[in-house]
Amino acid sequence: MTVTINHYLIASLLLFSIGFFGVLARRNFLIILMSIELMLNAVNLNLIAFSRRLSDLTGQVFSVFVITIAAGEAAIGLALTISLFRQRKTLNVEEADTMRG
Amino acid sequence: MKDLIWLIPLVPLAGFLINGLVYLLSHRTKGVPHGHEAAEDGHGEAHAVPAVAGSHPPTGHGHAEAHPVIPFKALHTAVGVGSVGLACLLAFGAIFDVGLKALAAGESVTRVLYRWIPLGVNQAVGQIPGGVGEWVVDAAFRLDALSALMLAFVTFVGFLIHVYSVGYMGHEEGYGRYFAYLNLFMFAMLVLVLGANFLMLFVGWEGVGLCSYLLIGYYYEKKFAADAGKKAFVVNRIGDFGFLLGIFGVFALFGTLDFATVFGAAAANPAAYAPYMTILCLLLFVGACGKSAQFPLHVWLPDAMAGPTPVSALIHAATMVTAGVYMVARCNVFFRLAPHAMLVVAVVGAFTALFAATIGIAQNDIKKVLAYSTVSQLGYMFLACGVGAFAEGMFHVTTHAFFKACLFLGSGSVIHALAGEQDIRRMGGLAARIPTTYRTFLVATLTIAGVPGLAAFFSKDAIKAAVFHAEFEAVPWMPKLLYAVALFTAGLTAFYMFRLLGLTFWGRFRGTPQEESHIHESPRSMTVPLVVLAVLSVVSGWVGIPVVHGGNRIGEFLKSIRVPIAGHEEKAHHASLTVEFALMGAAVAVAAIGMYLAWAWYVKGEGRTPARLAVEWPGVYRAVSNKYFVDEAYETVFVRGLALDGGRVLWEVDATVVDLIPNGASAATKAISWVAAIFDQYVVDGLVNGVANALQGLFGVFRKAQTGRVQNYALVMGGGLFCLVAVYLLFR
């Protein structure tokens, strides 16, 4: 069987859904960060699949940008993790609800 | 020189970078830049007052310790003041290079730096005739008559206030930080003024907002200053939300944000665009309301007085707050196509003018009086724009920049002389002690009061005449009502300004002898800008002399900003001389009455009459001196977060609203004074509380949604997105 763009898209969709579920459902801040990373990579896969299909390099260039941004996001996210842990002695996001109305 | 207009904003930006970096590096070793641990809990910038080196011992005051040594002070001064001075020279060079005549004839210089957002061709745009069909935004600057006027006074007043700051802030620890922010402000303001499209305007708009926030919260160790900064920022967000939607609307309609293209297209094809203009103009006006402190978004400006006084003069009186008026004048083509939006602008302006003036009467903080005066004068400018008198509005913007900057700097000099005192009840008799400040303050007060021959007389008269002759098809009686409001407000203005002048400078000193011994005139760097501004507040009106042929040069100069709309006849009003002089006479008479009453009550009568009135009408006095409880209402509804639970809310509504009926009935059987008391207690307070409580109950539902857990928000967002996409896929 040949691997078509649909396979990539479905894989990307699955990856994204897993990531999105993780962001919504997990309580550990670190895991949420990792789930976000998963979503970003799903988007990358999507971009590259279309880039290949359409023979347009823009998508690949864009995914390089996404990777760069993801690195920055990870750095800030980890800094936030440390800051959160120092303040609350926990990484459970359910307890970080001081903005409650 | 005119090719260098892009340099004008960039010079202060360079100043900001140098000052900011030097300040950061020079304060890195010391850790957190520690401010004064002053214990004053008063209002305003209690310790903002720098003492003149060696001229008086600053004892018994917040900073009794020796003045801090400021590293690189000479550099900060040279860069901070020099960059703005250079920008000012460049600005005037560019204006004269193009030529005043050419600008008046509608010539403009556009300088494109680079293509900022190249979105390319969009099929959706261009269905409306005149649409460009290509989504691009350039980083571009544009100099035309309107921006030239703004540019001239922004850079010049900015330069004077920078000079003044050298003296006023001379002994502040954060001297470098202050000048860095001030330079950043100048950069943002110049981008705002010179921007050639809505996006550049918006960049400057947000930039000045940021600097306003930073400078209001300059004394960030003090909670009220930090809070005031946040309040200004948040309230401005509400306005910016509307403004941003307006910009999106413009982009969607025209496919470009370039001023010339957009207004040209709208003017060439009014029938196609007119249906969209009312909503578009209202959205833009929401933005203007936020930035220019119009009711109901005016609440931030009086609190902004927590910043240093030169900041109040520069940002919150002369330049930034007039950005809203500038924007409305810039978009005059849109507004002229939307008569209903114009009506809203005029009514909001007139209401704010009157509303703020009445509050100004009962304020006791010298800067608060001036702050409400600013809100009131801004209302005047919007009133002018609302009746289509954009040139007159901009004229008042210009004269206001001079005399209000002079008043604010004068108040700074007074506060300086009194070592931080801002309460006018503890002033008095300062005229002989600080003569230069007194004379300049007197001139500026006479100007704002509308004494014939001085600047504001001409600009306010031009506005009032325009209002008088205005026409609203929907509400024919409206111009006369607006005129009456404007005239009455002019009287109130004269009254509260003379009250301020009298309480501050005349009579006898009401502070302690110790305070009295400290009174001293400010240094030269502060008095020279005052004198220059005072001279300008006299002569700046002479470019707009009505009646005389060729006297209204400012009107001629700004004529080109009114792009002629196809099919719309420009109705120039040619009022008879009798009417013109009658209007002027009325204005002078009202101003004279206001000035006389203030003098008779506060100077001659030493405040007995107002005190008696306050006792006789406690409800009115309480409402006015508490700024009509607007802050409290916002606090209850939006801020305190609807802290009561449902049952309590119902109980409150029951106690205040429902019980009003039996209480009122029983009270009616008693003496008439009782009715008055109940009225005061329940209608004045009850209305405010009742409305607040009712809203509290209503918004309790929304409160439940604020769980504080980001995941819940993400879930709702995801669900919403899912629904939107589903609807799109199903029904496309």
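Brief notes about the overall build of chain A
Here comes step 1: Along the backbone of chain A there are three helices and zero strands.
Here comes step 2: Moving toward the C terminus, one meets the helices and strands of chain A in the order α-α-α.
Here comes step 3: For chain A, the spread of C-alpha atoms along the principal axes amounts to about 50 × 25 × 25 Å.
Here comes step 4: Within chain A, the fraction of its 101 residues that count as buried is 12%.
Here comes step 5: Long-range pairs, those at least 24 residues apart, make up 45% of the contacts in chain A with a sequence separation of at least 6.

What to know about the overall build of chain B
Here comes step 1: Secondary structure assignment for chain B yields 30 helices and two strands.
Here comes step 2: Sorting the 732 residues of chain B into buried and exposed places 49% on the buried side.
Here comes step 3: The long-range share in chain B, meaning contacts at least 24 apart out of those at least 6 apart in sequence, stands at 82%.

Quick notes on the interface of chain B and chain A
One frequently used descriptor of interface size is the decrease in accessible area upon assembly of the parts.
Here comes step 1: On the side of chain A, 10 residues touch chain B, which itself brings 11 residues to the contact.
Here comes step 2: Classifying every residue of the side of chain B that touches chain A by side-chain character gives three nonpolar, six polar and two charged.

Overview of helix α3 (residues 58-88) of chain A
Residues and elements named next belong to chain A.
Here comes step 1: The end-to-end C-alpha separation of α3 is 43 Å, in line with the 45 Å expected for 31 residues at 1.5 Å each.
Here comes step 2: Little of α3 sits inside the fold, with zero of its 31 residues counted as buried.
Here comes step 3: Immediately downstream of α3, the backbone of K89 shows phi near 60°, a positive value.

Describing the environment of V451(B)
Residues and elements named next belong to chain B.
Here comes step 1: The topology assignment puts V451 in the loop between α17 (435-449) and α18 (455-469).
Here comes step 2: Judged by C-beta crowding, with 18 C-beta atoms within 10 Å, V451 ranks as partly exposed.
Here comes step 3: Note: C-alpha distance between V451 and D227 (224 residues apart in sequence) is 38 Å.
Here comes step 4: Among residues more than four places away in sequence, those in contact with V451 are L446, F457 and A591.

Let's talk about the nonpolar core
Here comes step 1: Membership of the largest hydrophobic core comes to 227 residues, with the highest contact counts inside it found for V157(B), F185(B), L383(B), A405(B) and A486(B).
Here comes step 2: When residues no more than four places from it in sequence are discounted, the contact partners of F185(B) are V208(B), C211(B), L215(B) and I315(B).

Some points on the confidence of the model for chain B
Residue and element names in this part refer to chain B.
Here comes step 1: Of the residues in chain B, 83% have a pLDDT of 70 or more, and the chain-wide mean is 80.
Here comes step 2: Predicted confidence for residues 31-65 stays below pLDDT 50, and this span has 60 contacts to residues more than four positions away or in other chains.
Here comes step 3: The low-confidence segment residues 126-131, where pLDDT is below 50, has 17 contacts with residues more than four positions distant or belonging to other chains.

Observations concerning unusual backbone geometry
Here comes step 1: Cis geometry marks the peptide bond from F295(B) to P296(B), where omega comes out at 0°.
Here comes step 2: Topologically, P296(B) is positioned in the loop between α9 (270-291) and α10 (300-303).
Here comes step 3: Unlike most non-glycine residues, S55(A) shows phi in positive territory, near 55°.
Here comes step 4: Within the chain, K89(A) stands out as a residue other than glycine whose phi angle is a positive 60°.
Here comes step 5: Judged by the 8 C-beta atoms lying within 10 Å of it, K89(A) is exposed.

Quick notes on the environment of F495(B)
Here comes step 1: Secondary-structure assignment places F495(B) in helix α19 (residues 478-505).
Here comes step 2: It is 9.6 Å that separates the C-alpha atoms of F495(B) and G360(B), two residues lying 135 residues apart in sequence.

Some details on the packing of helix α5 (residues 175-194) of chain B against helix α6 (residues 198-216) of chain B
Residue and element names in this part refer to chain B.
Here comes step 1: In contact at an axis separation of 7 Å, α5 and α6 are set at 155° when each is read in the N-to-C sense. The angle between α5 and α6 places the two elements in the roughly antiparallel class. Of the two elements, α5 crosses α6, and the hand of that crossing is left-handed. On α6, the residues that touch Y181, L184, F185, F187, A188, M189, V191 and L192 of α5 are M200, L201, V203, G204, W205, G207, V208, C211, L214 and L215.
Here comes step 2: Considering only residue class, the contact of α5 with α6 consists of 16 nonpolar, two polar and no charged.

Definitions and cut-offs
Residues numbered from 1 in each chain as written. Chains lettered and ligands numbered in written order. Predicted model: local features only at pLDDT ≥ 70, side-chain atom pairs only at ≥ 80, totals over all residues. Helix = DSSP H or I, 4+ residues; strand = E, 2+ residues; numbered from the N terminus. Buried ≥ 20, exposed ≤ 12 C-beta atoms within 10 Å, placed from the backbone. Contact = placed C-beta atoms within 7 Å. Nonpolar A, V, L, I, M, F, W, Y, C, P; charged D, E, K, R; others polar. Expected span 1.5 Å × (residues − 1). Core = buried A, V, L, I, M, F, W, Y, C linked by C-beta atoms within 7 Å. pLDDT = per-residue confidence, 0-100. Axes fitted to C-alpha atoms, helices over the stretch in contact; angles between N-to-C directions. Parallel < 35°, antiparallel > 145°, perpendicular 65-115°, else oblique. Left-handed = near helix turned anticlockwise from the far one by under 90°.

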